[in-house]
Amino acid sequence: MRYHIREIAAIIRAKYDVLEEGSIDHLLTDSRTLSFPETTLFFAIRTPTNDGSKYIAELYRLRVRHFVVSRYQPEFVEMKDANFLIVKNVLAALQQLAIHHRKQFNIPVIGITGSNGKTTVKELLYQLLHTEFNIVRSPRSYNSQLGVPLSLWQMNGNHTLGIFEAGISQPNEMTHLRRIIAPTIGILTNIGEAHQENFTSPLQKCLEKLSLFNDCEVIIYNADDKQIVHGLEVACLSHKGLGWSRTDSEAQIFIESVRYRETTTEINCTMFGGITRTYEIPFTDAASIENVIHCIALMIYLKPTALGNTQAFQALEPVAMRLEVKEGINHCCLINDTYNSDINSLAIALDFQLSRKGDKNLKTTVILSDILQSGLMPKVLYKKVAELFRQKKVERVIGIGRDLKTHGPAAFSMESVFYGSTQEFIHSPSFKQLRDELILLKGSRVFHFEQITELLEKKVHETILEVNLDAIVHNYNYFRSILRPETQIVCMVKAFGYGVGSYELAKTLQEHRCDYLAVAVADEGAELRKEGIFVPIIVMNPEFGSFNTLFEYRLEPEVYSFQLLNALVREAERRGIVSWPVHVKIDTGMYRLGFRPEDIPEVCRQLKRQNGLYARSVFSHLAGSDSAEHDGFTQQQIHAYTQAADVLEKELGNPVIRHILNSAGIERFTAYQFDMVRLGIGLYGISALAGSETLQPVCTLKTVILQIQEVPAGSSIGYGRKSYADRDSRIAVIPIGYADGLDRRLGNGVGEVIIRGRRCPFIGNLCMDISMVDVTDVEAQERDEVIIFGKKLPVSEIARKLDTIPYEILTSISPRVKRVYYKE
């Protein structure tokens, strides 16, 4: 639903001098998530640790022109075509806009609150009801004062059901969320101990949560939970209750039995009028069973006919856990669950740890930080935690934090040790002694357990790839200098950043105002998002199994076939997503991925029939732009592309970003830069112009001499005895082989390295982890530096020897080779 900027100014009662024309589709509070600058309204929210107004200048450069601020600042004067709506409280203005937006729709809306299970119940309900309703719901766990209004903004006239979470941590917070969500149906999952320290009693917290439902028609709850039952009575909401019970046969919904099997559970329940139903679900843990029962109760009220579809319950899929399992050093296995830290989520994580142990002969160890929001006295809290650990068969505890160091020794009976800080633990003997253990890391974010994870995963290898970040910036600025100022640049960081390492590269490009990044597959983009990269990211080869990653990490897929287009449309619809940016690929003669030009009218028809996807750009790949002999074909491709792009833009009725030039194309066909270009191998110092010294080499692959062997004349060297010493020789052994990405064809004198400024040939076959080099004519010593490629031994030279391209050399470097980044 689109609002005019003047309409929004009136809704939030903003002050302003002059308003430029503009329409708003998107609300933004995190500058890192910008996708559609022209129709975005940025709310510059101030928090105790940050101020959104710091990002206005950068967003303005990225073509955002609409801002809500709490005060007008001098630097805004220069932004003459921007709109600044001035309000007393920016967060309150965002919430007021959401309240107004919610009032435009008269549909059933489910509000879910509770200490745990909100997201799971929401996602299970979606799975069970998405065929019955067009559902809009909270993305992920958007349940805060900030997340809820952003969630409600997704609602449009096509939706027939809303499902939204509401989370609170302080008294009086639910009042705001109730006005925004305005639920017609309520679900209270449970009342746990999280955030209890901010409330005077459990009852106060229960009443705060229940206040979400003051205006609801019905409230779904567990009637066996005495605290909730009492809270409903005190709040005078009992008459709205629809309770389920596993103990009271007179309850509105009676769970007669729960039968556990190996991988499934059978739930037998009696509903209104004595109707009995049996549901089999693919879960066996108590939390999932309770969550499913909440869903059954909701469906009895909202859509009882859907309860007849018992197969939908059998097909339920688990909601993704936030646990990461990683291989650690010293035969350890790491379970990283540092998303939150409370006793309820700890129990879930311990269940997962126990399930991972199986028959593995690993000690179960928990590295735990202070639990900061329990509401319990530390002595009482850690006695409860210790009892939980005993139940879950934890063998060893490593506690970190002041409270654990004080109260842990008396509470835990199993093997245990305690430290005041993460750094104290890292430098302790206990850290060095971790071996053959299944380790659960469960810590509050303030303890920075990522430092522990990094060290436990650390890879050590004496072969390194040095990456000159100054050279990256130099090459980027060179290409920028030969383009029009308004032309956007997509920087290719696929294949682990062409081998140099995606994150540092992406971070550097982001700092230097790159417009887009592009990766090959969704997992590469997800890793960049996890590292804090907020620039828009295109996924060039999206796979059908990667849709969850695409949407979870705000990645923009290339669309190259009708099958992929239809699948993405269905997935966007399933998730309640609208206007997700995609990039339409046209095959103009390369015969790789892409729609044919004659397919474009049908592509447009399918895009116009739905609202989940939005064509952000249209592009094609040039097959031979680096070679003059193919210039005629390149011109044919550009002509075919231009015609197809014209058709697409005309049919869709809105501007679409155009791009066809790659690195070689930028240098040789600059006139066809259109709206955007894709900078790939040129960024890494490889030019399409023969003899050009404009670009700087970015990477140096180097290692060291492990040992020097004195080899008699006539002796064979290496596997297969392919090389022989033609004189008494000194042979250096270096720790790099084909497992590191060194091409095996470089052996037996084909390739060279540089030692002490001199070129030395490989001798013998290259091995998996080791290679040999003839240093007879060099005064080399053990531990000397060895250059595999770099400024004096270019990647392009090695590529010519192997009859390949520099791309292959760079992207072949193994992940086990440590990347070292530096600035001059």
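Scroll up to find the structure this text is about.
First things first, this report covers the structure right here in the doc. (Residues numbered from 1 in each chain as written. Predicted model: local features only at pLDDT ≥ 70, side-chain atom pairs only at ≥ 80, totals over all residues. Heavy atoms only, no water.)

The helix and strand tally for the protein stands at 27 helices and 40 strands. Against the globule reference of 28 Å for 824 residues, the protein gives a C-alpha radius of gyration of 31 Å, in line with a compact fold. With the principal axes as the frame, the protein shows a C-alpha extent of 95 × 70 × 55 Å. Taken over 824 residues, the protein has a buried fraction of 55%. The contacts of the protein with a sequence gap of at least 6 include a subset with a gap of at least 24, amounting to 65%. Accessible area for the protein stands at about 36300 Å²; split by element, carbon and sulfur atoms hold 49% of it. (Helix = DSSP H or I, 4+ residues; strand = E, 2+ residues; numbered from the N terminus. Rg over C-alpha atoms; globule rule 2.2 N^0.38 Å. Buried < 20%, exposed > 50% of the residue type's maximum accessible area, 1.4 Å probe, protein only. Contact = heavy atoms within 4.5 Å. Areas by Shrake-Rupley, 256 points an atom, 1.4 Å probe, with all protein chains shown as cover.)

Once that is clear, we can look at unusual backbone geometry. Unlike most non-glycine residues, Arg63 shows phi in positive territory, near 80°. For Arg63, the position within the fold is in the loop between helix H2 (56-61) and strand S5 (66-69). Looking at Arg63, the relative accessible area reads 27%, which means it is partly exposed. The phi dihedral of Arg513 is positive, around 65°, even though this residue is not glycine.

Take the sheet that holds strand S14 (residues 265-270) next. Ordered in space as S8-S9-S7-S10-S11-S12-S13-S14-S15, the nine strands form an open sheet in which the pairing is mixed. What marks the edges here is a single partner per strand, and that holds for strand S8 (135-137) and strand S15 (276-281). Averaged over all pairs of adjacent strands, the angle between their axes in this sheet comes to 20°, without regard to strand direction. Where S14 and S15 come together, six bridges link them in antiparallel fashion. Bridge assignment links Ile267 to a residue of S15, and that residue is Tyr279. (Pairing = 2+ DSSP bridges. Axes fitted to C-alpha atoms, helices over the stretch in contact; angles between N-to-C directions.)

Next up on the list: the sheet that holds strand S25 (residues 537-539). Read from one edge to the other, the open sheet built from eight strands follows the order S29-S28-S27-S26-S25-S24-S23-S30, with strand pairing classed as parallel. Edge strands, defined here as strands with exactly one partner in the open sheet, are strand S29 (657-659) and strand S30 (676-679). Ignoring which end each strand starts from, the neighbouring axes of this sheet average 30° apart. In this structure, strand S23 (residues 488-492) lies alongside strand S24 (residues 516-519), joined through three bridges in parallel fashion. By the bridge assignment for S24, Met492 is matched with Ala518. Together, strand S26 (555-559) and strand S28 (613-619) form the strand contacts of helix H22 (residues 562-575), whose direction differs from that of S26 by roughly 150°.

Of all hydrophobic cores here, the largest spans 99 residues; its most connected members are Cys491, Leu509, Leu517, Leu613, Leu683, Ile755 and Phe789. Among all residues touching Leu683, those that are not within four sequence positions of it are Ile472, Asn475, Tyr476, Phe479, Cys491, Leu505, Leu509 and Val698. In this structure, Leu128, Val218, Cys295 and Ala312 belong to the second largest nonpolar core, which totals 42 residues. (Core = buried A, V, L, I, M, F, W, Y, C linked by side-chain atoms within 4.5 Å.)

In this structure the tally under the stated criterion is 16 aromatic pairs. Site record: aromatic cluster; members linked through ring pairs are Phe42, Phe67, Tyr72, Phe76 and Phe84. Geometry around Tyr60 places Arg65 over its ring, the cationic atom sitting 3.8 Å from the centre. Across from the ring centre of Tyr126, 3.7 Å away, lies the NZ or CZ of Arg137, which sits over that ring. (Phe/Tyr/Trp six-rings, centres within 6.5 Å; stacked < 30°, edge-to-face > 60°. Lys NZ or Arg CZ within 6 Å of the ring centre and 35° of its normal.)

A separate point is helix H24 (residues 631-652). Counted at 1.5 Å a residue, the expected span for H24 with its 22 residues is 32 Å, and the 31 Å between its end C-alpha atoms agrees. Of the positions making up H24, those classed as buried are Thr634, Gln637, Ile638, Ala640, Tyr641, Ala644, Ala645, Leu648 and Leu652. Buried residues in H24 make contact with strand S27 (580-585), helix H23 (600-608), S28 and S29. Count one or two residues on from H24 and you reach Gly653, which has phi positive near 80°. (Expected span 1.5 Å × (residues − 1).)

In this model helix H4 (residues 118-129) runs 16 Å from its N-terminal to its C-terminal C-alpha over twelve residues, within 8% of the 16 Å that 1.5 Å per residue would give. For H4, the buried fraction is high: ten of the twelve residues fall into the buried class. Restricting attention to buried positions, one finds in H4 the residues Lys118, Thr119, Val121, Lys122, Glu123, Leu124, Leu125, Tyr126, Leu128 and Leu129.

The alternating pattern of S5 places His66 and Val68 on one face and Phe67 and Val69 on the opposite face, and all of these are buried. Looking at chain direction, strand S4 (residues 40-43) and S5 are connected through three bridges and run parallel. Counterpart to Phe42 in the pairing with S5 is Phe67.

Quick look at the environment of Ile398 now. The residue Ile398 is located in strand S19 (residues 396-400) in this model. Among the residues examined, Ile398 registers a relative accessible area of 0% and is labelled buried. Sequence-wise, Ile398 and Val148 are 250 residues apart; in three dimensions their C-alpha atoms are separated by 37 Å. The residues contacting Ile398, other than those within four sequence positions of it, are Thr365, Val366, Ile367, Leu368, Val417, Tyr419, Phe425 and Leu434.

As a further point, take the state of the cysteines. With the rule as written, the count across this model stands at zero disulfides. Here Cys333 is not disulfide-linked; the sulfur of Cys332 is the nearest cysteine sulfur, at 8.7 Å. What makes Cys333 buried here is its relative accessible area of 12%. The structure places no disulfide on Cys767, whose sulfur is separated from the nearest cysteine sulfur, that of Cys760, by 18 Å. Classification of Cys767 by relative accessible area gives buried; the value is 12%. (Disulfide = S-S within 2.5 Å.)

Closest axis-to-axis distance for the H22/H23 pair is 11 Å, and the angle between their directions is 5°. By the angle between their axes, H22 is roughly parallel relative to H23. Listed contacts from H23 to Phe562, Leu565 and Asn566 of H22 are Glu602, Val603, Gln606 and Leu607. Looking at the contact of H22 with H23, its residues break down into four nonpolar, two polar and one charged. (Parallel < 35°, antiparallel > 145°, perpendicular 65-115°, else oblique. Nonpolar A, V, L, I, M, F, W, Y, C, P; charged D, E, K, R; others polar.)

Relative to the helices and strands, Asp51 resides in the loop between S4 and H2. On the basis of relative accessibility, which here comes to 15%, the residue Asp51 falls in the buried class. Side-chain polar atoms of Asp51 contact the side chain of Arg46, separated by 3.5 Å. Ignoring anything within four residues of it in the chain, the contact list for Asp51 reads Ile45, Arg46 and Arg71. (Polar contact = N/O pair within 3.5 Å; in protein donor to acceptor, adjacent residues only side chain to side chain.)

These values are about where atoms sit, not about what they do.
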